Amino acid sequence: MNTPHSPDAAILGTPAGDESGAQARNDQRVASLLLSRYNLRQLVRLYAAFDGDLLLPIVLGEVGLYNVGGLGLDDQALAALRCHGEQDFEKLPLRPCNAFSISSSTGIPRETVRRKVSHLIQLGWIARDVKGGLTITAKAINICLEPFDQENLADFLTTADRARAVQGHTGS
């Protein structure tokens, strides 16, 4: 048990007799460890999927999320995002972005973003419209992201369940 002058009380920052607070903080640490493990596995998957270039998925993801950001998250928008095939994807009202906005939102230098965008365009994962706007392509969704998302989703849900179970340990 922690006493007001015990080393454990000083480390945990809890007064003597605050066992439930200490347990809650310990459970948060365990949940943080679980999430850190998930994040590391996710980074390793991204590293492998993008041939060791972790900036490519950041730029691709930022473009894609910006593109669909104008759709909202109501049932109709979510149904539109579940499109199947390139023809359905082409009908989505994606909101184009540019290298400057990607640089601003990620902190990646604009010239680096420009090079990554050029590479993603060569791969066919990003398209540039006549005004220079960038949008994610159906190819990126179908070839790159869909199988990757299935593995990631299962890992994420398992991790979330474990983190919830740890947090439920103290009734938090």
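In case you missed it, the structure is sitting above this.
Residues numbered from 1 in each chain as written. Predicted model: local features only at pLDDT ≥ 70, side-chain atom pairs only at ≥ 80, totals over all residues. Heavy atoms only, no water.

**Some points on the overall build of the chain**
- When helices and strands are tallied, the chain shows eight helices and two strands.
- For the chain, the sequential pattern of α-helices and β-strands runs α-α-α-α-α-α-α-β-β-α.
- Per-residue burial over the chain gives 33% buried out of 172 residues.
- Counting only contacts in the chain whose residues sit at least 6 apart along the sequence, the fraction spanning at least 24 positions is 59%.
- As displayed, the chain has an accessible area near 10900 Å², and 58% of this comes from carbon and sulfur atoms. (Helix = DSSP H or I, 4+ residues; strand = E, 2+ residues; numbered from the N terminus. Buried < 20%, exposed > 50% of the residue type's maximum accessible area, 1.4 Å probe, protein only. Contact = heavy atoms within 4.5 Å. Areas by Shrake-Rupley, 256 points an atom, 1.4 Å probe, with all protein chains shown as cover.)

**Points about helix α7 (residues 110-123)**
- The end-to-end C-alpha distance of α7, which contains 14 residues, comes to 20 Å, matching closely the 20 Å that a straight helix rising 1.5 Å per residue would cover.
- Looking at α7, one finds that the buried residues are Thr 112, Val 113, Lys 116, Val 117 and Leu 120. The buried residues of α7 occupy an angular sector of 135 degrees when projected down its axis, which confines them to one face. (Expected span 1.5 Å × (residues − 1). Arc of directions from axis to C-beta.)

**Notes on the environment of Asn 39**
- Tracing the sequence through the fold places Asn 39 in helix α2 (residues 19-49).
- Sequence-wise, Asn 39 and Phe 156 are 117 residues apart; in three dimensions their C-alpha atoms are separated by 9.1 Å.

**Let's talk about the pattern of salt bridges**
- Under the definition given, this model contains five salt bridges.
- Close ionic contact of Arg 41 with Asp 155 constitutes a salt bridge, the shortest N to O distance being 2.7 Å. In this pair, Arg 41 is assigned in helix α2 and Asp 155 in helix α8 (residues 138-168), connecting sequence segments 114 residues apart.
- Owing to a relative accessible area of 34%, Arg 41 belongs among the partly exposed residues under this scheme.
- Classification of Asp 155 as buried rests on a relative accessible area of 14%.
- In this structure, the salt-bridge partner of Lys 116 is Asp 53, at a minimum N-O distance of 2.6 Å. Of this pair, Lys 116 sits in helix α7 while Asp 53 sits in the loop between α2 and α3 (55-69), placing them 63 residues apart in sequence. Taken as a pair, Lys 116 and Asp 53 share a single burial class, namely buried.
- If you follow the salt bridges from partner to partner, you end up with Arg 41, Arg 45 and Asp 155 in one network. (Salt bridge = Lys/Arg side-chain N within 4 Å of Asp/Glu carboxyl O.)

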